[in-house]
Amino acid sequence: MNIPLKQYLQLLSKYLRPQWKRAAFLAFLIFVSLGMQLAKPQILRVFIDAAMGNRPGANLVATAILFMVVAVITQGLIAYSRYVSEDVGWTATNLLRNDLATHCISLDMSFHKSHTPGEMIERLDGDITKLSNFFSQMVVGIMSNVILLLGVMIMLFRENILVGIGLSFFAILSVVVLTYLRNIAVPYWTAERQNSGMFFGFLGEHLSGTEDIKANGAVGYVMHRFYSRLREWLPVVRKAYLAGITMWSATIATFTLGNAIAFGLCWYLWRTQGITIGTVYLIVNYTELLRRPIEQIRTQMQELQRASASITRLSGLLQLESKVQDGAGAVLPVGPLSVEFADVTFGYEDDDTVLKGVTFSLQPGKVLGLLGRTGSGKTTLARLLLRLYDPTTGALRLGGVDARDTELNYLRQKITLVTQDVQLFQASVRNNLTFFNPEVPDEQIAAVLEDLGLGNWLRSLPGGLDTVLNSGGTSFSAGEAQLLAFARCFLVDPSVVILDEASSRLDPATEQLIERAITKLLENRTGVIIAHRLDTVERADDILILEQGSIVEHGPRLELLKNPGSRFSSLLQTGLKELLA
Amino acid sequence: MRTAKLIWRMIKYRPWLYIMNALVWTSIHTIPVLTGLITRAFFNSLTGEAAGLNIWTIIAMLVGAALARISCIVLGALTDSRHRFTMSALLRNNMLQGILRRPGAQSIPCSPGEAVSYFREDAEAAEDIISWTVDMLGTIAFCIVAVFVMVGISPRITLFVFLPLVVVVIIFTQATHKIEAYRQAARDASTQVTGFIGEVFGSVQAVQVARAEKNTIKHLRQLNDQRRKLILKDRAFNLLLDSFSSNTVWVGTGFILILASQAMQQGAFSVGDFALFVYYLDWVTGASEFFGYFLARFKQMTVAFDRMLEILPGSTHQDLVEHTPLHLDGVLPDVEPTANDPEGLRELVVNKLSFHYPGSEKGISDISLRIRQGEFVVVTGRIGAGKTTLLRAILGLVQKDSGELYWNDQPVTDPGSFLIPPRAAFTSQIPMLFSDTVKGNILLGQTEERIDVQSAVHTAVLEPDLQQLEQGLDTMVGSRGVKLSGGQVQRVAAARMFARNADLMIFDDLSSALDVETERLMWERVFSKQSATCLVVSHRRAALRRADHIIVLKDGAVIDEGKLDELLPRCEEMRLLWHGDHADSDQTKEALRQLQSAGSNNN
């Protein structure tokens, strides 16, 4: 498996460019500290030769103190440059995280169906945090180590050409071996990360379903699955670990070779050219100095290997294109919109069809009641209207404009949806209602809540709109949450309103409370009401009945009502059988 | 030293594996002592202090030491990966079991995303620290052997090599208590980021529909930035300490130079000796840095243990490190089959049950009810009346404040573990399906011989849906059952409940996502079972009509109870709920009249 260096560099340049000044400063710090590191063995040579009497007149104590000062400053510079590199790394990866989150959040729903939130946490946080190490390791670590390596080589060539050649051979060999081994571990790390992603996805899923688990005595089942996952995971971890260790072993082997070469050459030069013992020490010391960069390059390469796995996955994510794309930016007519389905066929996967050749139209300002058995395609129809998906074939027109020609953001400004599942964030009431839009004034929110009969509820909150809702929402009834979803809907001004089983979880008394509000919402707007219950479609002008993805009946409600042979009236009969009995 | 005790307890879980691991890693860490001695021999043979050693002998020894070390490393990778995995798995196992012991609706005090981060990061931190104790042992062994060698050469200089080390350790131990606060803040900020990502992607459809992509990302960016700042603070402190420790060692090196200069000039200290001292010092520097790092991380481990305990309210540290089986090897035992309830339900009595959500006035007060075998009891009321809460309190999914339960006259002390199959089964209002097949979700680990899947599927009116699905019962259900519609999820959950074959079935508003016909069919099939005893939350007429007993809740209290025809005349709330269920519009009445007359004409 080959990891293209190009991908690294692209990432680096893209996310470092905004902070190039800090990056340049960082490079300066690194160069200075490297120079000082190279100076240390030179000082030691002077010291040893002087101590052995080969260099008369040198002040030993002054040399020792000089060594100390240089060493202390070097350490300080290294620490500071590491701090700067962390800052640069986190700033860069935060940018990347934002880009990726922005990208993923707008991918179409078929992507999100196959990726659990737990998995997204692994990608957006686990993987990218690995990349933050990658940035600091790449910038400070590998770069500075490579430069140090080169610096040492230059110093060795200055001493003696033979030493330079011999140890260059060793350095080049190390680099070649390490580069070769670099890619070996990547597939194992990828497998390990994937497995851990699956494991934590599994955990997250079961942690949100504890109520169902407990009350149905499924604890044993969950633990059994937990153990099975552990057993699958362990061999993958072991392989990844072994793959990683290969590089360490290789470094030790090559480094021993380097030492052996240095010893042999020094022995030879000592015998033939009479170099001083200080110079022998200098050569061995420089070879020794290569230990840290090479050993660090080893761990940094490991990080890089992990980052490679992350980069592979992340660039895979970035390359995914939403199946639903912005259109050319067609403008929709002002006011309520007509809705038209022209022979629309759609399936979530290639081999299934949820909607089959659906054709109907709804006049502007009218309300359509959508009926059908669960799974008949009602919700899917609503999703197509919002362009959460696009039809496989056929077209969907709003106010005469093909929905695919509109920009998503623009379209969803014109259409709102209230679903049966209300998702709450662990955030303030305000943010939960406005979806983190700071521009909605508090008065408007308060007015909407008042309108929905939630005024008292709002006043009972200890921190008002700033009160933080808990994500689990256990102290929050599903009905109340649903009322909040209505409030969300009222805060935008759409041209088309879709109510998807919106009132299903409201008790009748509360439902009456918001009937008035719904009436207001549907006023001068086109409406689509999806319901299982007949009374919910009382306000519909037209009725459409779906069965297994096809229209089995469509027409004005009053007409269908009068026709005793219609499905609608027979449905009414079944639904109200008790009343008739 | 609580952290040390916990770690000790974890180490004792697999003592032999640990000892093995420690031995191997001690060898890996101490072999460099030999390399130092070989280096000394090289210099001494040049300057004539130790004549007789051939250059090839020296090189051969060098290579031998390296090969020995590499072999140990390979062995160490095997023992360490196994031990590490075992340690984090033990914590994760105990955490999960602890959470599953809690009342189901109050299992974790945070979002699942946050809880996952505890499972991931804090267990990993524990894994690291325990693995590093092995390295600590090895490093200490290296230091002892090295000191032994160095004292043999020059006791005076040896003292100055180790003096700075001691200083560093003292400074570290004093300074690290400050790390915890920074660390905690950084971790909290991190948890906020992961929690938010989880929430956003858990409700991505709502985000897209509300065009909130930009604003949620903006919020994420703020959280990210906050985390960056806190992490940098944490890092800055660590780097400062780090650099301080290295400097201490360098200053120490300088002193050795000064001391050695006198001895070298006098010929009492060879260049080989000097090379050995500097070589060991390099390793001792690494060792002291590691020692300091270990201490810092060890201190931080307290935070990690506390955090892991945080999601297990009511548990102790002891529970966290309990020696529980992990089944990593051997045969994985099957899920224990649910025993049949020999006695069966005669009567469930709830007496003055109260529960209030902590820090809130919401809840239920003094609720009493009685369900006899074969009865159909409906709880009704408007939203926020406490219907779901009542079911949760009975089932022990929340920890009741007061009140008693009696099952066949026997007091039920822990309903959470008593009112489960085969005695009771439950379908929640928004059921969760797990990433498994439809069948797997229904079986919940029980064998097919014990569970009548077909009959459960039939009762839940799931057959038409299964026919639509290409793989029928073997269809994989997505992470949250997303590939099924809301009603389908609910019916799979209902089938799951029916399959439990429990004495008492409890439905929380089962019908909220079902259409009229499906719901009617399901009720019919449930009641065709002679033994069915049901407690149901509903405000549907279909259910209310069938009820043997209706309990009307308002603001968490029972305001009336009885049969429908008793309640309708006397209970205002009941009337409101009853009439609310059908918008009795004139149009519909008119249509019905027409239908009726059409029907009678045909006759």
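Residues numbered from 1 in each chain as written. Chains lettered and ligands numbered in written order. Predicted model: local features only at pLDDT ≥ 70, side-chain atom pairs only at ≥ 80, totals over all residues.

1. Observations regarding the overall build of chain A
Note the following rule: Counting from the N terminus, the helices are DSSP H or I runs at least four residues long and the strands are E runs at least two residues long. Around each residue's C-beta, the other C-beta atoms within 10 Å are counted; 20 or more make the residue buried, 12 or fewer make it exposed, and counts in between make it partly exposed. All C-beta atoms are placed from the backbone. Here contacts are defined at the residue level, using C-beta atoms placed from the backbone and a cut-off of 7 Å between them.
Each helix and strand counted, chain A has 21 helices and 10 strands in total. When each of the 581 residues of chain A is scored for burial, the buried share is 50%. Contacts in chain A between residues at least 24 apart in sequence constitute 80% of all its contacts with a sequence separation of at least 6.

2. Considering the overall build of chain B
A tally of helices and strands in chain B yields 21 helices and 10 strands. Put simply, chain B has 603 residues, and 50% of those count as buried. Long-range pairs, those at least 24 residues apart, make up 78% of the contacts in chain B with a sequence separation of at least 6.

3. Description of the environment of A:Gly453
Residue and element names in this part refer to chain A. By the secondary structure assignment, Gly453 is in the loop between α15 (442-451) and α16 (455-460). Judged by the 14 C-beta atoms lying within 10 Å of it, Gly453 falls in the partly exposed class. A C-alpha to C-alpha distance of 9.1 Å links Gly453 and Leu483, two positions 30 residues apart in sequence.

4. Observations concerning unusual backbone geometry
With omega at 10 degrees, the peptide bond leading from B:Pro421 into B:Pro422 counts as cis. Tracing the sequence through the fold places B:Pro422 in the loop between α12 (415-418) and β6 (424-427). In the Ramachandran plot, A:Phe435 falls in the positive-phi region, its phi being about 55 degrees despite a non-glycine side chain. Residue B:Leu444 is not a glycine yet carries a positive backbone phi of 50 degrees.

5. Let's talk about the pairing of strand β8 (residues 526-530) of chain A
The side chains of a regular strand alternate between the sheet's two faces. Residues and elements named next belong to chain A. Filter applied, for reference: Criterion used throughout: strands pair if DSSP finds at least two bridges between them.
Here β8 lies mainly inside the structure; five of its five residues are buried. A two-sided burial pattern is seen for β8, the buried positions comprising Thr526, Val528 and Ile530 on one face and Gly527 and Ile529 on the other. Here strand β3 (residues 367-372) pairs with β8 via four bridges, running parallel. The residue of β8 that forms the bridge with Val367 is Gly527. Pairing of strand β7 (residues 496-500) with β8 involves five bridges; the strand directions are parallel. Counted as the bridge partner of Val497 is Gly527 from β8.

6. Describing helix α12 (residues 378-385) of chain A
Taking burial as the measure, the eight residues of α12(A) include seven buried ones, the bulk of the element. The first or second residue beyond α12(A) is A:Arg387, which carries a positive phi of 55 degrees.

7. Structural notes on the interface of chain A and chain B
For the record, the criterion: For this classification, the nonpolar set comprises Ala, Val, Leu, Ile, Met, Phe, Trp, Tyr, Cys and Pro, the charged set comprises Asp, Glu, Lys and Arg, and every other residue, Gly included, is treated as polar.
Of the residues lining the interface, 141 residues belong to chain A; the matching set on chain B comes to 154 residues. Considering every element that reaches the side of chain A that touches chain B, the biggest residue donor is helix α9 (residues 219-272) of chain A, with 28 residues. When the residues that make up the side of chain A that touches chain B are grouped by side-chain class, the tally is 67 nonpolar, 49 polar and 25 charged.

8. Considering the sheet that holds strand β5 (residues 401-402) of chain A
In any sheet, the strands associate via hydrogen bonds between backbone groups, in a parallel or an antiparallel arrangement. Residues and elements named next belong to chain A. Taken in spatial order, the four strands line up as β2-β1-β4-β5 in an open sheet, and their pairing is antiparallel. Two strands lie at the open edges of the sheet, namely β2 (355-362) and β5, each paired on one side alone. Relative to strand β4 (residues 393-398), strand β1 (residues 339-346) is paired through five bridges, and the arrangement is antiparallel. Within the sheet, the bridge partner assigned to Glu340 lies in β4 and is Arg397.

9. Some points on the packing of helix α2 (residues 20-51) of chain A against helix α10 (residues 277-289) of chain A
Residues and elements named next belong to chain A. This is how it is decided: Comment: axis = line fitted to C-alpha atoms, over the contacting stretch for helices; angle = value between 0 and 180 degrees taken between N-to-C directions. Angle categories are assigned with fixed cut-offs, so that under 35 degrees is roughly parallel, over 145 is roughly antiparallel, 65 to 115 is roughly perpendicular, and the rest are oblique. With the far helix as reference, a near helix turned anticlockwise by less than a right angle produces a left-handed crossing, and one turned clockwise produces a right-handed crossing.
The N-to-C vectors of α2 and α10 enclose an angle of 155 degrees; their axes lie 8 Å apart at closest approach. The orientation of α2 with respect to α10, classified from their angle, is roughly antiparallel. Classified by chirality, the crossing of α10 by α2 is right-handed. Contacts between α2 and α10 involve Pro41, Leu44, Arg45, Ile48 and Asp49 from the former and Ile277, Gly278, Thr279, Tyr281, Leu282, Asn285, Tyr286 and Leu289 from the latter. Broken down by class, the residue content of the contact of α2 with α10 amounts to eight nonpolar, three polar and two charged.

10. Considerations on the sheet that holds strand β10 (residues 557-562) of chain B
Residues and elements named next belong to chain B. Taken together, the six strands give an open sheet; going across it, the order is β6-β7-β8-β3-β9-β10, and neighbouring strands pair in mixed fashion. Every interior strand has two partners, whereas the edge strands, β6 and β10, have only one. Taking each pair of neighbouring strands and ignoring which way they run, the sheet shows an average axis angle of 15 degrees. Pairing of β6 with strand β7 (residues 504-508) involves four bridges; the strand directions are parallel.

11. Considering the confidence of the model for chain B
The predicted coordinates ought not to be read in detail in places where the model reports low pLDDT. Residue and element names in this part refer to chain B. Rules: Scored from 0 to 100, pLDDT reflects the predictor's confidence in each residue.
Scored by pLDDT, chain B comes out at a mean of 85, with 90% of its residues at no less than 70. For chain B, the element scoring lowest by mean pLDDT is helix α21 (residues 586-602), at 44; helix α3 (residues 55-101) scores highest, at 95. Scored as a whole, the predicted complex attains pTM 0.71, and scored at its interfaces, ipTM 0.85.

12. Regarding the pairing of β10(B)
Residues and elements named next belong to chain B. In the sheet, strand β9 (residues 549-554) pairs with β10 via five bridges, with the strands oriented antiparallel. Following the sheet pairing, Leu553 is matched in β10 by Val558. With antiparallel pairing between neighbouring strands as the criterion, β9 and β10 make up a hairpin whose turn holds two residues, including Asp555 at a positive phi of roughly 50 degrees.

13. Digging into the nonpolar core
What counts here: A set of buried Ala, Val, Leu, Ile, Met, Phe, Trp, Tyr and Cys residues, joined through C-beta atoms within 7 Å, is what we mean by a nonpolar core.
By size, the foremost hydrophobic cluster in this structure holds 311 residues, and its most contacted members are A:Ala487 and B:Ala495. Looking at which element gives the most residues to this core, the answer is α9(A), with 20 residues. B:Ala495 has contacts with B:Ile442, B:Ala456, B:Val457, B:Ala460 and B:Leu462, leaving out every residue within four places of it along the chain.

14. Looking at the confidence of the model for chain A
Across chain A, the average pLDDT comes to 82, with 89% of residues at 70 or higher. Between residues 576-581 of chain A, whose pLDDT stays under 50, and residues either more than four places distant or in other chains, the model counts five contacts.

15. Some thoughts on the packing of helix α4 (residues 112-153) of chain B against helix α9 (residues 271-310) of chain B
Residue and element names in this part refer to chain B. Running from N to C, α4 and α9 cross one another at 155 degrees; their axes reach a closest spacing of 8 Å. Judged by the angle between their axes, α4 and α9 are roughly antiparallel. When you trace α4 past α9, the crossing you get is left-handed. Tallied by class, residues from the contact of α4 with α9 come to 23 nonpolar, one polar and five charged.

16. Observations regarding the environment of B:Glu347
Residues and elements named next belong to chain B. Among the structural elements, Glu347 can be located in strand β1 (residues 347-356). For Glu347, a count of 14 C-beta atoms within 10 Å gives the class partly exposed. Residues Glu347 and Leu568, spaced 221 residues apart in sequence, show a C-alpha to C-alpha distance of 27 Å. Discounting residues that sit within four places of it in the chain, Glu347 has contacts with Arg370, Ile371, Arg372 and Asn408.

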